[in-house]
Amino acid sequence: MKEGFNMTGGEIAALIAAIAFAVLVLGLCYVLFKVASVVSQLNTTINEANKSIGTITKDADHLLIEVEGLLNKTNTTLNDVNGKLVLTDPLFKAVGDLGVSVSSLNDSTRNLTTSLGSASRRGAKLGISKKISNKIAK
């Protein structure tokens with residue numbers, strides 16, 4: 001008889017444990033490879049985000065400088081406009097005084113026409129009375 005390969009129970013258990021360990025190591029290698037790939041992509045994404053933030057920060061600094069200049073020019077213009085508006089105050093006061101004068105002139109004219117109208121009515125009544133009395137007297 002040919003003597004074969006005889007294994008004891010302990011050897012079979014060790015062989016199963018070795019195979020299980022080899023499968024476990026291969027599985028861990030696969031997982032570690034995938035994790036390394038994800039970490040690499042994450043590093044790339046973080047680097048791109050940092051570059052974007054740097055660019056945005058530079059642009060924001062530039063915009064802030066321009067906005068500050070614009071605000072300074074706006075303040076200068078506003079001060080100039082306020083100074084010029086102060087110079088127009090006498091003009092508006094004069095226009096207001098002219099309006100009061102025109103209103104007073106209108107009141108005086110109305111009073112004069114009322115007075116002349118009353119006097120002319122009285123004169124007309126006297127003239128009519130004279131004509132009537134002259135006709136009666138003839």
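The preceding data block contains the structure.
Residues numbered from 1 in each chain as written. Predicted model: local features only at pLDDT ≥ 70, side-chain atom pairs only at ≥ 80, totals over all residues. Heavy atoms only, no water.

Chemist: Can you lay out the overall build of the protein for me, pointing to particular residues and giving the numbers?
Modeler: Across its full length, the protein holds one helix and zero strands. At 56 Å, the protein has a C-alpha radius of gyration far larger than the 14 Å of a compact globule built from 138 residues. For the C-alpha atoms alone, the extent of the protein along its principal axes is close to 190 × 40 × 15 Å. For the protein, the proportion of its 138 residues judged to be buried stands at 1%. (Helix = DSSP H or I, 4+ residues; strand = E, 2+ residues; numbered from the N terminus. Rg over C-alpha atoms; globule rule 2.2 N^0.38 Å. Buried < 20%, exposed > 50% of the residue type's maximum accessible area, 1.4 Å probe, protein only.)

Chemist: I'd like to hear about the pattern of salt bridges, residue by residue, with values.
Modeler: All told, the structure shown has three salt bridges when counted by the stated rule. Linking Lys-84 and Asp-80 is a salt bridge whose minimum nitrogen-to-oxygen distance equals 3.2 Å. Taken as a pair, Lys-84 and Asp-80 lie in helix α1 (residues 9-137) at a separation of four residues, close to a single helical turn. A relative accessible area of 41% means that Asp-80 is categorised as partly exposed. (Salt bridge = Lys/Arg side-chain N within 4 Å of Asp/Glu carboxyl O.)

Chemist: Break down the environment of Ser-101 for me, with residues and values.
Modeler: Structurally, Ser-101 is set in helix α1. Sequence-wise, Ser-101 and Val-35 are 66 residues apart; in three dimensions their C-alpha atoms are separated by 93 Å.

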